[in-house]
Every structure is written in structure tokens, then in C-alpha cells.
Amino acid sequence: MGRRVFFGMVALGAAGVVFGSTVQSRVGRALGPGLADVLPGGNLFQIYSVSDTFPAISQHAYRLSVSGLVERPATFTFADLEAMPQVRLVRTFQCVTGWRVPDVHWEGVRLSHLLETVGLRPGSVALAFDSYDRVDTESLTLEQAHLSDVIVATRMLGGPITTEHGGPVRLYVAPMFGYKSLKWLSAIRVVDAVEPGYWEQYGYPVNGWLEGSTSTTLAPGSA
Ligand SMILES: Nc1nc2c(c(=O)[nH]1)N[C@H]1C(S)=C(S)[C@@H](COP(=O)(O)O)O[C@H]1N2
Ligand SMILES: [Mo]
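Thresholds, definitions, all that
- Residues numbered from 1 in each chain as written.
- Chains lettered and ligands numbered in written order.
- Predicted model: local features only at pLDDT ≥ 70, side-chain atom pairs only at ≥ 80, totals over all residues.
- Heavy atoms only, no water.
- Pairing = 2+ DSSP bridges.
- Helix = DSSP H or I, 4+ residues; strand = E, 2+ residues; numbered from the N terminus.
- Axes fitted to C-alpha atoms, helices over the stretch in contact; angles between N-to-C directions.
- Near = heavy atom within 4 Å.
- Polar contact = N/O pair within 3.5 Å; in protein donor to acceptor, adjacent residues only side chain to side chain.
- Areas by Shrake-Rupley, 256 points an atom, 1.4 Å probe, with all protein chains shown as cover.
- 1 Å grid on protein atoms, 1.4 Å probe; cavity = no way out; pocket = protein on both sides within 12 Å on 5 of 7 lines; lining within 4 Å.
- Sits in = over half its atoms within 2 Å of the grid points.
- Nonpolar A, V, L, I, M, F, W, Y, C, P; charged D, E, K, R; others polar.
- Points joined across faces, edges and corners; volume = space filled by probe spheres on them.
- Buried < 20%, exposed > 50% of the residue type's maximum accessible area, 1.4 Å probe, protein only.
- Core = buried A, V, L, I, M, F, W, Y, C linked by side-chain atoms within 4.5 Å.
- Contact = heavy atoms within 4.5 Å.
- Salt bridge = Lys/Arg side-chain N within 4 Å of Asp/Glu carboxyl O.

Enquirer: Please give an account of the sheet that holds strand E10 (residues 185-191) that cites residues and values.
Expert: Across the sheet, 5 strands lie side by side as E2-E1-E10-E5-E6; this open sheet has mixed pairing. Sheet topology places strand E2 (74-77) and strand E6 (137-141) at the edges, where each strand pairs with a single neighbour. Across this sheet, the average inter-strand angle for adjacent strands is 20 degrees, counted without regard to direction. In this structure, strand E1 (residues 63-68) lies alongside E2, joined through 4 bridges in antiparallel fashion. Residue Leu64 lies in a different strand from E2, and its bridge partner there is Phe76.

Below, the structure written as C-alpha cells:
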């Protein structure tokens, strides 16, 4: 086992992983991630929080602030996000620790659309993301943020995003491992250099591409 992976697992242990409470995730946990893969249907997610709580935020109270190197800093409500053009994605969700969930449905606003709305200023290079849990953070380069399958998600698994899954709004970075998909998204800051996020400080790659991801060649705006 590589040094990087070992540190990652230590980080996970220290973080106190909270597992999903559905029957199937219990079964999946008992059988191990390999067999959980082949169980039909259901929600096979394991629920993670590096903080010791799940921030409970109503759609009504939710705010997303976008600031930093932008022309028009803004604070968006849940309704603001819902009023923007919506995209749908159906993908396999993959945690770097090995579990995966096939055919997960996501809906939300392209991150690129939000960036167009606020306008980027010269010198902008990367995005830093903050969570309402006040612990986890994430980062993307501007190029990654413009990929068409990187979204600010308002729906997941066919409904509103539940509190345990990071609702009402989480990031969904489809071409990368699950840790990039920050839950309880509170703020996006446009910055002049990549600020490696929480998991990256424990050894996960800053560029968490899924194996076989075509995203390095995916043009912004393409389906
Ligand atoms: N705020 C926050 N976001 C997070 C995490 C976390 O602990 N806190 N864990 C990450 C990891 S490692 C994975 S695999 C996914 C898991 O998503 P889920 O908890 O909805 O299953 O969330 C990611 N986003
Ligand atoms: Mo993960």
C-alpha cells in the first residue's frame, strides 16, 4: 500500500466516518465494498463528515456566497440557483477508498454558469470552496471548474439533497473522486493560486481524476 493511500486511510479514521443507515449500506458494509457493488438498486452511499455534525440548513435559509477575483460578488439563495439553467447528470459515484454507487442522478447549475454570472477578474486562477461544516474545503483550477460536468448540485438521487448527503446544496465534480464533491457548500472564492483542500492535506491528489475520465479532453460547454 502506497504512502499516500495509507495517510488517506488514517485521515478517514481520525475523521470519524459516519455510515449510511439504509439497510443496503449496512449489508454493503458487512460484505465489503466489492460485494456492495453488485447488490441491485438502492442507495449504497457511505455518509461522510469530517466534522462531528451534519449542518442542517433549510432551502429557505440557504445562501451561497461567491467572492474574490470577480466583477460582481454575489450571494445566491436556493431559489436563485433553481431559476438558473439546470443540467442533469447520471454517473457512477466513486470514493477513493473503493466503494462506488452506479447510475446516480444529479441536477443543478453548471459551475461555469455561476462564474459567467459573477464575471471573472484578471488574475483569477483557481476556486476555493468552503463548507457550512467549517472544516472541509476543496479547490479546482478555473479550467476544471469550466468542465460541463462540474455542477453546483441542488438535487441528487431523484429528490432534494438530504442533510446527510450535504444538502441543500453540494458541489458535484463528476470527473473526479468523491472527496472533490464538497457537501454543505457555503462559499466559492475566486483566487490567484490553488489552495489544496482538506483531504489533499492528508495526501489525496489535488487533481482527483477518476481513472478513465475523459475530462482532460472535454471541451467547456460540450455535453
Ligand atoms: N463537507 C464534506 N464534504 C465531503 C466529505 C466530508 O467529509 N465533508 N467527504 C467527501 C468524500 S471523501 C466523499 S466520498 C463524499 C461522500 O458523499 P456522501 O457523504 O454523500 O456519501 O463526500 C465528500 N464531500
Ligand atoms: Mo471519499
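Enquirer: So what's going on with the site of ligand 1? Which residues, and what values?
Expert: Taken together, 21 residues sit near ligand 1, with Gln46, Asp133, His165, Arg170 and Lys183 positioned nearest. Residue Asp136 places a side-chain N or O atom 3.1 Å away from a nitrogen atom belonging to ligand 1. Between ligand 1 and Arg170, the relevant distance is 2.8 Å, taken from an oxygen atom to a side-chain nitrogen or oxygen of the residue. Computed on the free molecule, ligand 1 has an accessible area of 530 Å², of which 100% lies beneath the protein chains in the complex. The cavity that encloses ligand 1 is the largest cavity. Class assignment for the residues of the shell around ligand 1 results in 11 nonpolar, 6 polar and 4 charged.

Enquirer: How would you explain empty space enclosed by the protein if you had to name every residue and give the values?
Expert: Taken as a whole and assessed by the stated rule, the structure comprises 5 cavities of 30 Å³ or more. By volume, the largest cavity amounts to about 280 Å³. Around the largest cavity, the lining comprises 22 residues; the ones closest to its centre are Tyr48, Arg170, Gly178, Tyr179 and Lys183. Split into classes, the residues belonging to the lining of the largest cavity amount to 13 nonpolar, 5 polar and 4 charged.

Enquirer: Outline the environment of Gly108, supporting the account with residue identities and numerical values.
Expert: Inspection of the secondary structure assignment puts Gly108 in strand E4 (residues 100-110). The exposure class of Gly108 is buried, given its relative accessible area of 0%. Through-space distance from the C-alpha of Gly108 to that of Thr154 is 5.0 Å; in sequence the pair is 46 residues apart.

Enquirer: Summarise the nonpolar core; cite the residues concerned and give the values.
Expert: Grouped together as the largest cluster of nonpolar side chains are 31 residues, with contacts concentrated most on Leu64, Leu81, Leu111 and Ile188. Of all the elements in the fold, those that place two or more residues in this core are E1, helix H4 (78-83), helix H5 (111-118), strand E5 (126-131), helix H6 (142-145), strand E7 (150-156), strand E9 (170-173) and E10. For this core, the leading source of residues is H5, giving 4 residues. Excluding residues that lie within four positions of it along the chain, Ile188 makes contacts with Leu64, Ser65, Val66, Ser67, Leu111, Leu114, Leu127, Ala128, Phe129 and Val152. If you look at the next biggest cluster of nonpolar residues, it comprises 18 residues, including Val104, Trp106, Ala153 and Ala174.

Enquirer: Go over the environment of Thr92 with me, naming the residues and quoting the values.
Expert: The topology assignment puts Thr92 in strand E3 (residues 87-94). It is 9.7 Å that separates the C-alpha atoms of Thr92 and Pro175, two residues lying 83 residues apart in sequence. Ignoring any residue separated from it by four or fewer positions in sequence, one finds Thr92 in contact with Arg100, Val101, Pro102, Asp103 and Tyr172.

Enquirer: Outline the pattern of salt bridges, supporting the account with residue identities and numerical values.
Expert: A complete count under the given rule lists 6 salt bridges for this structure. Put simply, Asp130 and Arg189 hold a salt bridge, and the shortest N to O gap is 3.1 Å. A residue pair is termed long-range when its members are at least 10 positions apart, and Asp130 in strand E5 and Arg189 in strand E10 qualify at 59 residues. Ionic pairing is found between Arg189 and Glu195, a salt bridge with its closest N-O pair at 3.5 Å. A relative accessible area of 24% means that Arg189 is categorised as partly exposed. What you see here is one network of salt bridges that share partners, running through Asp130, Arg189 and Glu195.

Enquirer: Describe unusual backbone geometry, with residues and values.
Expert: Cis geometry is adopted by the peptide bond preceding Pro168, which originates at Gly167 and carries an omega value of 5 degrees. By the element assignment, Pro168 lies in the loop between strand E8 (159-160) and E9. Even without being a glycine, Asp103 presents a positive backbone phi close to 55 degrees. Note on placement: Asp103 falls in strand E4. Unusually for a residue other than glycine, Leu157 sits at a positive phi of about 60 degrees. Residue placement: Leu157 occurs in the loop between E7 and E8. Residue classification places Leu157 among the partly exposed residues on the basis of a relative accessible area of 37%.

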